[in-house]
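Read off the chains here:
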Amino acid sequence: SRVTIDPSGSIIAVAASRDSTQGISSGALYIFSRCRDLVWKQVDKLYSPTHPQTGAMFGLVPVLTQDTLFVPSPKESILGQQEGALYVYSIAKPSMEPRCALVVSDFRILDRTPFTAGFQYTLEERHEAILSILHIGHHVQTLRYPVPPGCGFRRLNLSADLLDEFGKGLFVLQLDIVPVGKETPESVCRDDTYLLKVVGTRWQ
């Protein structure tokens, strides 16, 4: 099967040109959309919109752009000569509410040991992620990362020296997703979690 994905990474078209639901090898095309929980779900199954024919192989090599789907039906007979056909569909994408979720591999941080965090996101436009580490209400570190439009997951391998100047204690890891290019950007999505720095393997 031929698979094509749109530039934003939110829609996939899967060819099934030998699908025989409406005739032997009449063809079909499955459409999947990535939803807010980052799981792919089938949203449609397309057949030839005129008259599905045996052997037409509708959907053989689909092409998906930002807002248009091109679906060939190479052996479809409209004039009785298997001259083929090309169908063009406009894609109306649902609006995506900005969403984000911050995760860490372990909330406990050992002294001088790198740690891993990451965040899931769902965004319609390009944004910037601001990752802040706070201690007793004060910013300790601020890190910035570009975030492309669409849905995805960004893994962050954080340096061991980010908290070197501090002893054991409780920290807050805070994620803000903000628009790019604004003088005073406001967070469109925020999430946070706690980090517990320990010395050795347990409290001393």
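Residues numbered from 1 in each chain as written. Predicted model: local features only at pLDDT ≥ 70, side-chain atom pairs only at ≥ 80, totals over all residues. Heavy atoms only, no water.

*Asks:* Looking at this model, I keep getting lost on the layout of surface pockets. Mind explaining?
*Replies:* Summary: where empty space remains is shown by rolling a probe the size of a single water molecule over the atoms. Its boundaries defined by the atoms lining it, the second largest pocket holds a volume of some 190 Å³. Along the wall of the second largest pocket there are twelve residues; nearest its centre are I11, I31, V43, I91 and A92. Elements with a contribution of two residues or more to the lining of the second largest pocket: β3 (28-34), β4 (40-46) and β7 (85-90). For the lining of the second largest pocket, the element with the highest residue contribution is β4, accounting for three residues. Across the lining of the second largest pocket, the residue classes break down as nine nonpolar, two polar and one charged. (1 Å grid on protein atoms, 1.4 Å probe; cavity = no way out; pocket = protein on both sides within 12 Å on 5 of 7 lines; lining within 4 Å. Points joined across faces, edges and corners; volume = space filled by probe spheres on them. Helix = DSSP H or I, 4+ residues; strand = E, 2+ residues; numbered from the N terminus. Nonpolar A, V, L, I, M, F, W, Y, C, P; charged D, E, K, R; others polar.)

*Asks:* Would you mind showing me how to read the sheet that holds strand β1 (residues 3-5) here?
*Replies:* In a beta sheet, neighbouring strands pair by backbone hydrogen bonds and run either parallel or antiparallel. With antiparallel pairing, four strands are arranged side by side in an open sheet as β1-β2-β3-β4. Of all strands in the sheet, those with a lone pairing partner are β1 and β4, marking the two edges. On average, each strand axis in the sheet is tilted by 25 degrees relative to the strand beside it, whichever way the strands run. In this structure, β1 lies alongside strand β2 (residues 11-16), joined through three bridges in antiparallel fashion. Paired with V3 across the strands is V14, a residue of β2. (Pairing = 2+ DSSP bridges. Axes fitted to C-alpha atoms, helices over the stretch in contact; angles between N-to-C directions.)

*Asks:* For this particular structure, what's the right way to read the state of the cysteines?
*Replies:* The term disulfide refers to a covalent linkage connecting the sulfur atoms of a pair of cysteines. Under the defined criterion, the tally for this structure stands at one disulfide. Paired by a disulfide, C100 and C189 hold their sulfur atoms 2.0 Å apart. Taking the torsion about the S-S bond as the criterion, the C100 to C189 disulfide, at about -100 degrees, is left-handed. On the criterion of sequence distance, the pair formed by C100 in strand β8 (residues 99-104) and C189 in strand β15 (residues 189-198) is long-range, its members being 89 residues apart. (Disulfide = S-S within 2.5 Å.)

*Asks:* Looking at this structure, I do not really get the side chain of D6. What am I missing?
*Replies:* Examined against the element boundaries, D6 turns out to sit in the loop between β1 and β2. Judged by its relative accessible area of 2%, D6 is buried. In this structure the side chain of D6 is engaged in a polar contact, spanning 2.9 Å, whose partner is the backbone nitrogen of I11. (Buried < 20%, exposed > 50% of the residue type's maximum accessible area, 1.4 Å probe, protein only. Polar contact = N/O pair within 3.5 Å; in protein donor to acceptor, adjacent residues only side chain to side chain.)

*Asks:* Sorry, what's going on with the nonpolar core here?
*Replies:* Soluble globular proteins tend to bury their nonpolar side chains together. F119, L131, L158, L175 and I177 are the most contacted members of the largest nonpolar core, which has 24 residues in total. Secondary structure elements with two or more residues in this core: β8, β10 (115-123), β11 (127-135), β12 (138-147), β13 (150-158), β14 (169-179) and β15. Ranked by residues supplied to this core, first place goes to β10 with five residues. With near-sequence residues (within four places) excluded, F119 lies in contact with A101, L102, A129, V147, G152, F153, R154, L156, L175 and I177. Membership of the second largest hydrophobic core comes to 13 residues, among which are L46, V71, A85 and Y87. (Core = buried A, V, L, I, M, F, W, Y, C linked by side-chain atoms within 4.5 Å. Contact = heavy atoms within 4.5 Å.)

*Asks:* Mind showing me how you'd approach the pattern of salt bridges here?
*Replies:* By the definition in use, this model includes four salt bridges. Across the salt bridge formed by K45 and D19, the nearest N and O atoms sit 3.1 Å from each other. Of the two residues, K45 sits in strand β4 while D19 sits in the loop between β2 and β3, which places them 26 residues apart along the sequence. The partner of D176 in a salt bridge is R190, and the shortest N-O contact between them spans 2.6 Å. Linking D176 in strand β14 with R190 in strand β15, this pair joins segments that are 14 residues apart in sequence. Judged by its relative accessible area of 53%, R190 is exposed. (Salt bridge = Lys/Arg side-chain N within 4 Å of Asp/Glu carboxyl O.)

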